Amino acid sequence: MENLQHSEIITQPEKVIEVNKLVKRFGHFTAVDHISFDVEKGEIFGFLGANGAGKTTAMRMLCGLSKPTEGKGKVAGFDIEHQSEQVKKSIGYMSQKFSLYNDLKVWENIRLFAGIYGMNDKDIKEKTALLLEQLHFEKERNVLVKSLPLGMKQKLAFSVAIFHTPEVVFLDEPTGGVDPATRRQFWELIYEAAAKGITVFVTTHYMDEAEYCNRVSIMVDGRIEALDSPHNLKTEFEAHNMDEVFQQLARKATRKAD
Amino acid sequence: MSQNNELKADSNCQLSIVNYQLSSVNCQLQLPTVNCKSISKAYGSVQALKEVSIDVEAGELYGLIGPDGAGKTTLFRILTTLILADKGTSTVGGFDVVKDYKKIRSSVGYMPGRFSLYQDLTVEENLTFFANVFGTTIEENYDLIKDIYQQIEPFKTRRAGALSGGMKQKLALSCALIHKPTVLFLDEPTTGVDPVSRKEFWGMLRNLKEQGITILVSTPYMDEASLCDRIALITNGQILKVDTPQNIVSQFDNILWGVRGNNMHKLLTDLRLHPSVESCFSFGDTLHVMLNNNALTTTALTTWLSGKGHQDVTIFPIEPNVEDCFMELTKQ
């Protein structure tokens with residue numbers, strides 16, 4: 001019995017996110033309607049859907065910010081309903097709308113977030129120096145975040161979100177409005193993080209970015225209508241690119257929300 | 001070539017000024033509907049616009065394309081007479097943005113990037129309010145907004161603040177159109193909007209264009225460039241290039257290769273190590289590669305890559321898109 005379990009651990013890929021028939025209702029409105037999926041360690045998982053399809057609601061549940069009405073979910077091994085505090089400690093989060101404090105300096109932002117996640121001073125100091133070097137931000141160390149160009153700000157925000165080496169990082173439209181070159185550099189940071197074993201859960205409205213994910217799910221009216229690798233989805237929907245796949249699926253939406 | 005163009009533009013402009021003195025009607029025919037000349041604007045030490053000049057012709061669907069912080073909103077606010085430029089002159093519909101600002105305000109439609117309707121008024125109240133402010137009625141110009149407004153009409157008693165994002169956008173567009181403006185300014189109407197709704201929105205813009213409305217629209221999405229008659233690529237407060245999307249793409253003066261393989265990320269990092277690779281970036285399922293040595297054959301590159309463990313690599317010539325051009329123009 002023990003042996004069997006042991007071999008299971010070796011052969012089974014480690015699941016960082018497990019979602020089983022998750023539902024969220026607001027009154028009579030079912031925002032998230034029985035979604036189920038798993039995300040493996042180190043995977044880049046694209047979470048796509050039209051505005052109002054239920055992505056944000058689902059993501060809030062996975063981050064431990066909102067309780068599911070029905071169903072089960074585990075993130076980094078913790079139950080999203082009953083262990084939401086442990087979930088929050090094990091994840092990183094970044095969105096285009098909120099990322100860093102503009103009125104704090106670069107190093108102060110790093111210090112603040114690392115402190116919130118409980119890192120000790122010695123680790124913070126060492127890792128800050130390393131991070132600034134990797135990003136070529138040494139000169140910006142004492143600069144207020146508000147005076148950084150947007151592209152730099154987004155790269156820093158991502159690095160801060162994974163500074164405490166979370167099991168999984170949630171990225172909510174991280175590249176909106178960013179110039180084309182920076183957008184691509186940002187994805188290279190995502191690849192590096194994934195290679196280090198950080199699982200990446202990302203939403204985007206750029207369909208070329210959907211191609212960069214290992215697997216992509218597409219939500220329509222609260223349900224997951226498709227989930228596979230970009231290559232398989234394109235084959236299944238006889239599409240040339242992910243935009244065509246998305247257009248085919250999202251057009252079916254009957255919800256006129258958001 | 002480009003100098004010639006500038007000279008031509010200048011003489012046109014002088015001609016228009018002469019016409020302007022002859023008759024104001026003529027002026028409106030001759031001047032482009034929107035005309036900016038050497039506009040500069042700074043906020044403290046931040047130079048938001050540097051010597052920006054653009055012309056938008058009557059009936060044109062004109063795209064101002066660039067990332068956040070490029071200066072798009074600043075230019076819109078100058079043209080809609082909400083702020084003053086530090087330097088330069090602009091006219092909209094033949095009217096000067098400084099001297100004739102009141103005439104501009106009553107004749108243009110403006111949809112700012114941030115939702116700016118009254119959240120506590122209903123859909124219908126908002127529309128009536130904007131119609132009244134501009135001295136008209138919903139009925140008078142209903143034809144213009146019909147296709148758009150009909151989609152939200154079932155919710156006309158709902159408060160604007162309680163609308164979904166897509167519906168807010170349609171209401172804002174209806175309100176910006178209700179006085180039948182000569183020029184419609186749309187500041188990033190599709191930012192944060194999903195690809196299906198974006199396509200739908202551009203369909204609405206095409207219809208408005210067919211009804212003779214001049215549209216100046218800004219967007220950070222480069223794939224929307226091809227939907228415009230002409231585009232201006234803008235970054236860091238400066239216009240990089242103005243032309244039709246087709247011309248911008250055809251002026252890309254480098255050979256661009258598409259490369260595909262099984263391990264795209266490793267392929268990207270390995271390609272960048274090749275001495276003849278000038279640049280290499282991901283574009284969806286393909287890498288776009290530029291070489292600094294045209295003597296390098298695809299066979300030689302394929303062999304080199306297979307030495308790095310890449311089997312089944314395909315290399316093929318590809319057409320650049322507007323995003324390639326933007327990246328090339330912004331390269332230091």
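Residues numbered from 1 in each chain as written. Chains lettered and ligands numbered in written order. Predicted model: local features only at pLDDT ≥ 70, side-chain atom pairs only at ≥ 80, totals over all residues. Heavy atoms only, no water.

For the rest of this paragraph, the subject is the overall build of chain B. Along the backbone of chain B there are 12 helices and 14 strands. Dimensions of chain B along its principal axes, counting C-alpha atoms only, are 75 × 50 × 40 Å. Here chain B holds 332 residues, and 48% of them are scored as buried. Sequence-distant contacts in chain B: of pairs separated by 6 or more residues, those separated by 24 or more amount to 67%. About 15,900 Å² of surface is accessible on chain B, with carbon and sulfur atoms providing 50% of the total. (Helix = DSSP H or I, 4+ residues; strand = E, 2+ residues; numbered from the N terminus. Buried < 20%, exposed > 50% of the residue type's maximum accessible area, 1.4 Å probe, protein only. Contact = heavy atoms within 4.5 Å. Areas by Shrake-Rupley, 256 points an atom, 1.4 Å probe, with all protein chains shown as cover.)

Residues and elements named next belong to chain A. With 5 of 5 residues buried, strand 8 (residues 199–203) is to be regarded as a mostly interior element. Where strand 3 (residues 44–49) lies against strand 8, 3 bridges are found, and the strand directions are parallel. If you follow Phe45 over to strand 8, its bridge partner there is Phe201. Note: strand 7 (residues 168–172) against strand 8, 5 bridges, orientation parallel. Its bridge partner being in strand 8, Asp172 is matched across the sheet by Thr203. One crossover worth recording links strand 7 to the parallel strand 8 by way of helix 7 (residues 180–195), and it is right-handed. (Pairing = 2+ DSSP bridges. Right-handed = clockwise from strand over helix to strand, strands pointing away.)

Counting 53 residues, the largest nonpolar core has Ile44, Leu156, Phe158 and Ile218 of chain A as the members making the most contacts within it. Setting aside residues no more than four positions away along its own chain, Phe158 of chain A makes contact with Met94, Val169, Leu171, Phe186, Leu189, Ile190 and Ala193 of chain A. Counting residues in each nonpolar core, the second largest holds 48 residues, with Val123, Leu177, Leu205 and Cys228 of chain B among its members. (Core = buried A, V, L, I, M, F, W, Y, C linked by side-chain atoms within 4.5 Å.)

Another aspect to go through is the pairing of strand 8 (residues 214–219) of chain B. Within a regular beta strand, the side chains point alternately toward one face of the sheet and then the other, so they alternate between its two faces. Residue and element names in this part refer to chain B. Burial of strand 8 is extensive: 6 of the 6 residues sit out of reach of the surface. Across the two faces of strand 8 the burial is the same, with Thr214, Leu216 and Ser218 and Ile215, Val217 and Thr219 all buried. In this structure, strand 7 (residues 183–187) lies alongside strand 8, joined through 5 bridges in parallel fashion. Within strand 8, the residue paired with Leu186 across the bridge is Val217.

Once that is clear, we can look at the side chain of Thr136 of chain B. Within the secondary structure, Thr136 of chain B is located in the loop between helix 5 (123–133) and helix 6 (142–149). Look past the residues within four positions of Thr136 of chain B in its chain and what remains in contact with it is Ala131, Asn141, Ile178 and His179 of chain B.

Here we take up the environment of Phe252 of chain B. Secondary-structure assignment places Phe252 of chain B in the loop between helix 9 (245–250) and strand 11 (256–260). Put simply, Phe252 of chain B and Asp324 of chain B are 72 residues apart on the chain and 8.4 Å apart in space, counted from C-alpha to C-alpha.

All names here are of chain B. The 4 strands lie next to each other as 12-13-11-14, forming an open sheet whose pairing is antiparallel. Each edge of the sheet is formed by a strand with only one pairing partner; in this case those strands are strand 12 (277–283) and strand 14 (314–317). Taking each pair of neighbouring strands and ignoring which way they run, the sheet shows an average axis angle of 25°. Looking at chain direction, strand 11 and strand 14 are connected through 4 bridges and run antiparallel. Bridging across to strand 14, Gly258 finds its partner in Phe316. Across the sheet, helix 10 (residues 264–273) touches strand 11, strand 12 and strand 13 (286–291), and the angle it forms with strand 12 is around 165°. (Axes fitted to C-alpha atoms, helices over the stretch in contact; angles between N-to-C directions.)

We now examine the packing of helix 6 (residues 150–161) of chain A against helix 7 of chain A. Residues and elements named next belong to chain A. Contact geometry of helix 6 with helix 7 gives a least axis separation of 10 Å together with a crossing angle of 10°. As far as their axial angle goes, helix 7 and helix 6 are roughly parallel. Contacts between helix 6 and helix 7 involve Gly151, Gln154, Lys155 and Phe158 from the former and Thr182, Gln185, Phe186, Leu189, Ile190 and Ala193 from the latter. A per-class count over the contact of helix 6 with helix 7 returns 5 nonpolar, 4 polar and 1 charged. (Parallel < 35°, antiparallel > 145°, perpendicular 65-115°, else oblique. Nonpolar A, V, L, I, M, F, W, Y, C, P; charged D, E, K, R; others polar.)

Residue and element names in this part refer to chain A. The phi angle at Thr165 is positive, at roughly 45°, despite the residue not being glycine. Relative to the helices and strands, Thr165 is located in the loop between helix 6 and strand 7. For Asp221, which is not a glycine, the phi torsion comes out positive at approximately 50°. Within the element layout of this structure, Asp221 appears in the loop between strand 9 (215–220) and strand 10 (223–228). Of the residues examined, Asp221 reaches a relative accessible area of 15% and is grouped as buried.

All names here are of chain A. Orientation of helix 4 (residues 106–116) relative to helix 5 (residues 121–134), taken along the N-to-C sense of each, is 135°, at an axis distance of 10 Å. One finds that helix 4 runs oblique with respect to helix 5. The interaxial crossing formed by helix 4 with helix 5 has right-handed handedness. Between helix 4, through Val106, Ile110, Arg111, Ala114 and Gly115, and helix 5, the contact on the second element is made entirely by Asp121, Ile124, Thr128, Leu131 and Leu132. (Left-handed = near helix turned anticlockwise from the far one by under 90°.)

Moving on: the pattern of salt bridges. In the structure shown here, the tally under the stated rule is 30 salt bridges over all chains. Salt-bridge contacts for Glu85 of chain A lead to Lys88 of chain A; the nearest nitrogen and oxygen are separated by 3.0 Å. Of this pair, Glu85 of chain A and Lys88 of chain A are both found in helix 3 (residues 84–90), 3 residues apart, which corresponds to roughly one turn of the helix. Glu126 of chain A is paired through a salt bridge with Lys122 of chain A; the nearest N and O atoms lie 3.4 Å apart. Separated by 4 residues within a single helix, Glu126 of chain A and Lys122 of chain A lie in helix 5, roughly one turn from each other. Look at Lys122 of chain A and you get exposed, because its relative accessible area is 58%. Through salt bridges with shared partners, one network takes in Arg183, Arg184, Asp208 and Glu209 of chain A together with Glu323 of chain B. (Salt bridge = Lys/Arg side-chain N within 4 Å of Asp/Glu carboxyl O.)

Here we take up the packing of aromatic side chains. Evaluated as defined, the whole model comprises 14 aromatic pairs over all chains. Among the aromatic residues, ring-to-ring pairing joins Phe37, Phe45, Phe47, Phe170 and Phe201 of chain A into one connected group. (Phe/Tyr/Trp six-rings, centres within 6.5 Å; stacked < 30°, edge-to-face > 60°.)

As a further point, take the confidence of the model for chain B. Residues and elements named next belong to chain B. Mean pLDDT over chain B: 90, with 91% of residues reaching 70 or higher. Looking over chain B, one finds the lowest element-wise mean pLDDT in helix 1 (residues 2–22), namely 42, and the highest in strand 3 (residues 61–65), namely 98. When the criterion is pLDDT under 50, residues 1–28 qualifies, and its contacts beyond four places in sequence or with other chains add up to 13 contacts. Of the two predicted TM-score estimates for the complex, the pTM is 0.86 and the ipTM is 0.84. (pLDDT = per-residue confidence, 0-100.)

Residues and elements named next belong to chain A. Together, Tyr101, Leu112 and Ile116 give the surface a local cluster of nonpolar side chains, amounting to about 280 Å² of exposed area. Its place among the elements puts Ile116 in helix 4. Judged by relative accessible area, Ile116 falls into the exposed class, the value being 58%. (Patch = residues over 30% accessible without salt bridge, like charges linked within 9 Å, V, L, I, M, F, W, Y side chains within 5 Å.)

This next bit is on the sheet that holds strand 3 of chain B. Residues and elements named next belong to chain B. The strand order across the open sheet formed by 6 strands is 6-7-8-3-9-10, and the pairing between neighbours is mixed. At either margin of the open sheet sits one strand with a lone partner, and together these are strand 6 (108–111) and strand 10 (238–243). Neighbouring strand axes in the sheet, compared pairwise and without regard to direction, differ in orientation by 15° on average. Pairing analysis gives 4 bridges linking strand 3 to strand 9 (residues 230–235), with the strands arranged parallel. Across the sheet, the residue bridging to Ile65 is Leu233, located in strand 9. Each of strand 3, strand 9 and strand 10 touches helix 12 (residues 322–330); the most contacted strand, strand 9, lies at about 40° to it.

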